[in-house]
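# Secondary and tertiary structure notes
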Amino acid sequence: MKRRPTSETESGGAGSPPKKQPRQDPVSCESCRKKKSKCDRGYPCGNCSMRKLECIYRTGGSGVVKAGSQTEERHVLDNIMLEPPRTLQRSTRVDTETQRRNRNEPLLTADWLETIVMGHRVPSAIPAPLRAELSQNPQSERSYIRQYAVPGVQPAMIRRDPIALRENPATVHLPSYLPPKAEALSLFRYYCAYLDFQYHIIIQIQVERQIESIYERVACNESMNFGHAALLFSIIASAIYYKLLMESSECADICSQETTFLAGAALIQGNYIAYPTIEGLQATMIIGHHLSNMNLPPSVSSFCVHRSFMSQAISMRLHLVDSRQSVDERAANGFDKTNVELKRRLWWDLATYDWLLGFLSGPQEWTYTVQSQQMKVREPLNVDDKDIEHTETGLPLSSPTDMSYSLCRRRLAVVCRHIVDETAEHHLNGQEVPYETILELDRELHKACAEIPGFFRFDQASRRKYAALYRGRPNLAWQRSIVQQGYHSRLCRLHRHYFVRGAKDPRYSYSHVVSLQSARKVLEVKRMMDEQEPVFTPHSSMIWAVMHHVFMAAVILLIDVCFNWDDILAEKRKEEVLDACRMLSRAQQSSPIAREGIRAMMDILRKYCKQEKRPVSPGSQADPPASSIQNLAAASVPQADFAATTSLGPKKVSFAPQISDSQPTLLSEPLSDPLLLEDIWTEMLDGSAYAELDTPDWTDLLTELTNATMPCE
């Protein structure tokens, strides 16, 4: 029988064995220990936060430490909601330093094992963003507050603290990151007033009820609907980005990235891939339409691409909304008319986007996904949102409604789909599209443009007739501008293969004339956006689709000057090009989106437009200085890559048909300087040359410019 140790032994007296160390206190909370789950040792831990359990830690003896409970967190959130709007405030958790250390432990361990086992034989296995987090200066993690004037909201203190981006999207506590209710509704109304007109894929009254429901459930300490939360965060991400863009593009990026991450986290926690919802689809489409996918957090960016939209829509059978089976099921069980109409709108938005992309340069060029024979969805009704329940047929297209622009955009997409059908085989086989086919498609585009409602036309009579309507519904005036740019930019694209030849060959002169007319129309529309009421909000320069069309139109005019340098109106045409260049310069100053896009397109333009100085006759004062043209050539590409020049009259021109994307760009100064941009275009015009009409390089230039940035509509 074992004997109980004597008090002398217990006290460590002489001759006693070494005293055993007491067992280490458990480091996991009670709930995680019972469930045998991995505890992150937070206060409270992530598992307890997600399950809304009381998080209890036991210390030596019977000591019990209760971590911050959900009730306490709810109290903190309620206090935040009751405060005046301060934009996207957060209720911070207890002991953030311990949390940060715990989050970094797996990264440090992985880095340590990687170095020992693999050494320098293979690239790092830890993603660069996470590795940067390990080595960043602790000072850089401190949140700081800056003052920004936010349009539409009283001057606010923007708290810039991207703490959510460092959390696990599957366990992040979403209610802690909800903005105050008043601020959420303010951002929602900003989205409805100034962004929703481009892609009308929400019903305002319905979404407002969903936002109210989110805050009611959080106030009652109930679990929120993850689809509704994702939709709210996506709307906030888009709205706050455009609100802050004019003041600070960096702050706009950070705020929108974090809120986009929260939208993705809501989708992950709601198991969106396996169980998609209408609200989840709306959330991903809003982010995909309004925010550049290049700046999205990697953990959620896959949700916001076109293929993901299509996959989730098909899994919800949106392409069969009006099939016989669906109609019979609605007749037997009853249905919500608003919900059915919303499904039609979502599907047609996806189909429209898909068909428009098929007629743009890029990997998707000359192809599309949605087949009209493999879907059964009626065209959305031409009605305002508030009238959906009260009509069966909708209004004629001549009556302005919330859906007028979407229906006109759909008509343009149908024509683009037909263009792809008629020309794809020729392009894919490296053949030239017959000119008769181009003329037939041109007639179809012009017919569709002529059928648009009067309030979307740009002639002077229509503008006067609908002036009062535009004041009452400014969205219609903005939509009118985008509709016009959309049609005329497609006409330029349709005729681009015959544009240069049409300058000298009478057989193709129609293509030359139509391209110039359409390019000038695109620029005229942009001037009216900037100079006439109602003024775009956000500014039209922040909508890259608009500025992309402007740049392409300016290049069309530039090419015309190059190939008609000896025309009697050459000087007037040069001034016309410089006016377009000044329009781009002003956009650079007002919009970081335009600045980045124009910089990318200018790199391509200067790669193609490699100029050499012309022979200078004795005593000539009209030619530009030799050093000016040489500097421009040096800034375009390395001298070793110059192609052999061909004498084409008093000027010379050389082209670079193949230049690797990996070549360094020899630019000593940034293109964001508006004066520099105008100087470059001036030198291009002064050093421009008459070139052979059968050269393919100008067509290649237009194609590469179209593909320089994100697809635009």
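My aim in this report is to walk through the structure given alongside it, one point at a time. Source: prediction; values computed, not measured.

Quick look at the overall build of the protein chain now. Within the protein chain one finds 26 helices and 7 strands. Relative to its 713 residues, the protein chain shows a buried fraction of 52%. A separation of at least 24 residues holds for 71% of the contacts in the protein chain among residues at least 6 apart in sequence. In the form shown here, the protein chain has an accessible surface area of approximately 34200 Å², with 52% of it arising from carbon and sulfur atoms.

Turning our eyes to something else, we now look at the packing of aromatic side chains. Remark: the centre distance and the inter-plane angle together describe each pair of aromatic rings, the angle taken between the planes. According to the stated counting rule, one finds 14 aromatic pairs in the structure shown. With a centroid separation of 6.3 Å and 40° between ring planes, the pair formed by Tyr194 and Trp478 is classed as tilted. Residue Tyr194 is found in helix α7 (residues 181–194), and its partner Trp478 is found in helix α19 (residues 474–499); the two are separated by 284 residues along the sequence. A relative accessible area of 29% places Tyr194 in the partly exposed class. Through a chain of ring-to-ring contacts, the aromatic side chains of Tyr190, Tyr194, Phe197, Trp478 and Phe536 assemble into a single cluster. Over the face of the ring belonging to Trp355 we find Arg417, whose NZ or CZ atom lies 4.4 Å from the ring centre.

For the structure shown, the criterion picks out 25 salt bridges. One salt bridge in this structure joins Arg189 and Glu208, with 3.5 Å as the shortest N-O distance. Taken as a pair, Arg189 in helix α7 and Glu208 in helix α8 (residues 204–219) lie far apart in primary sequence, 19 residues in all. Glu208 gets classed as partly exposed once you look at its relative accessible area, which sits at 23%. The partner of Arg520 in a salt bridge is Glu576, and the shortest N-O contact between them spans 2.6 Å. Of this pair, Arg520 sits in helix α20 (residues 509–531) while Glu576 sits in helix α22 (residues 570–590), placing them 56 residues apart in sequence. Several salt bridges share partner residues, and in doing so they unite Asp322, Arg330, Glu341 and Arg344 into one network.

Turning our eyes to something else, we now look at the side chain of Arg345. Within the secondary structure, Arg345 is located in helix α14 (residues 337–357). With near-sequence residues (within four places) excluded, Arg345 lies in contact with His200, Ile202, Ile203, Pro380, Val383, Asp385, Ile388 and Met403.

Attention shifts here to the nonpolar core. Judged by nonpolar contacts, the single largest core of 166 residues is most densely connected at Ile202, Leu281, Trp347, Phe551, Met602 and Trp681. The dominant element in this core, judged by the number of residues it contributes, is helix α21 (residues 544–563), at 17 residues. Residues in contact with Ile202, not counting those within four places in the same chain, are Phe188, Tyr191, Cys192, Asp196, Val207, Ile235, Gln282, Ile286, Arg345 and Asp385. Counting 7 residues, the second-largest nonpolar core is a separate cluster that includes Cys29, Cys32, Cys39 and Tyr57.

The subject of this paragraph is the environment of Glu524. Of note, Glu524 is situated in helix α20. Looking at Glu524, the relative accessible area reads 32%, which means it is partly exposed. Residues Glu524 and Ser481, 43 residues apart in the sequence, show an inter-C-alpha distance of 9.8 Å.

What follows concerns the packing of α21 against α22. Following both chains from N to C, one finds α21 and α22 inclined at 155°, their axes separated by 9 Å at the closest point. Considered as vectors, α21 and α22 are oriented roughly antiparallel to each other. Where α21 crosses over α22, the two elements pack in a sense that is left-handed. Contact residues: α21 offers Met547, Val550, Phe551, Ala554, Leu557, Leu558, Asp560 and Val561, while α22 offers Arg573, Lys574, Glu576, Val577, Ala580, Met583, Leu584 and Ala587. Residues that form the contact of α21 with α22 fall into these classes: 12 nonpolar, no polar and 4 charged.

Attention now moves to the environment of Leu476. In this fold, Leu476 is placed in helix α19. What makes Leu476 buried here is its relative accessible area of 2%. For the pair formed by Leu476 and Phe197, sequence separation is 279 residues and the distance between their alpha carbons is 8.2 Å. Beyond its immediate sequence surroundings of up to four residues, Leu476 is in contact with Pro400, Thr401, Phe455, Phe456, Leu469 and Tyr470.

A few words on unusual backbone geometry. Each neighbour pair has its own omega, and for Thr537 with Pro538 the value is -5°, a cis peptide bond. The topology assignment puts Pro538 in the loop between α20 and α21. One non-glycine residue, Asn221, lies in positive phi territory at about 60°. Among the residues examined, Asn221 registers a relative accessible area of 33% and is labelled partly exposed. Although it is not a glycine, Arg317 adopts a positive phi angle of roughly 65°. Within the secondary structure layout, Arg317 lies in the loop between α12 (306–315) and α13 (324–333).

Evaluation of the coordinates by the stated rule reveals 0 disulfides. Here Cys32 is not disulfide-linked; the sulfur of Cys29 is the nearest cysteine sulfur, at 3.5 Å. For Cys32, a relative accessible area of 2% translates into the label buried.

Helix length check: helix α10 (residues 249–269) (21 residues) gives 30 Å between terminal C-alpha atoms against 30 Å at 1.5 Å per residue, within 8%. Asn271, located one to two residues past α10, shows a positive phi value of around 55°.

Now for the side chain of Glu167. Examined against the element boundaries, Glu167 turns out to sit in the loop between β4 (156–160) and α7. Here Tyr177 takes part through its side chain, which lies 2.6 Å from a polar atom of the side chain of Glu167.

Attention shifts here to the packing of α14 against helix α15 (residues 404–428). Put simply, α14 and α15 touch, their axes get as near as 8 Å, and they point 40° apart. As far as their axial angle goes, α15 and α14 are oblique. Like other packed secondary-structure pairs, α14 and α15 cross with a definite hand, here left-handed. Across the interface between the two elements, Trp348, Asp349, Thr352, Tyr353, Trp355 and Leu356 from α14 touch Arg409, Arg410, Leu412, Ala413, Val414, Cys416 and Arg417 from α15. Grouping the amino acids of the contact of α14 with α15 by side-chain chemistry returns 8 nonpolar, 1 polar and 4 charged.

Cut-offs and rules
Residues numbered from 1 in each chain as written. Predicted model: local features only at pLDDT ≥ 70, side-chain atom pairs only at ≥ 80, totals over all residues. Heavy atoms only, no water. Helix = DSSP H or I, 4+ residues; strand = E, 2+ residues; numbered from the N terminus. Buried < 20%, exposed > 50% of the residue type's maximum accessible area, 1.4 Å probe, protein only. Contact = heavy atoms within 4.5 Å. Areas by Shrake-Rupley, 256 points an atom, 1.4 Å probe, with all protein chains shown as cover. Phe/Tyr/Trp six-rings, centres within 6.5 Å; stacked < 30°, edge-to-face > 60°. Lys NZ or Arg CZ within 6 Å of the ring centre and 35° of its normal. Salt bridge = Lys/Arg side-chain N within 4 Å of Asp/Glu carboxyl O. Core = buried A, V, L, I, M, F, W, Y, C linked by side-chain atoms within 4.5 Å. Axes fitted to C-alpha atoms, helices over the stretch in contact; angles between N-to-C directions. Parallel < 35°, antiparallel > 145°, perpendicular 65-115°, else oblique. Left-handed = near helix turned anticlockwise from the far one by under 90°. Nonpolar A, V, L, I, M, F, W, Y, C, P; charged D, E, K, R; others polar. Disulfide = S-S within 2.5 Å. Expected span 1.5 Å × (residues − 1). Polar contact = N/O pair within 3.5 Å; in protein donor to acceptor, adjacent residues only side chain to side chain.

Function cannot be read off these values alone, since they describe shape.
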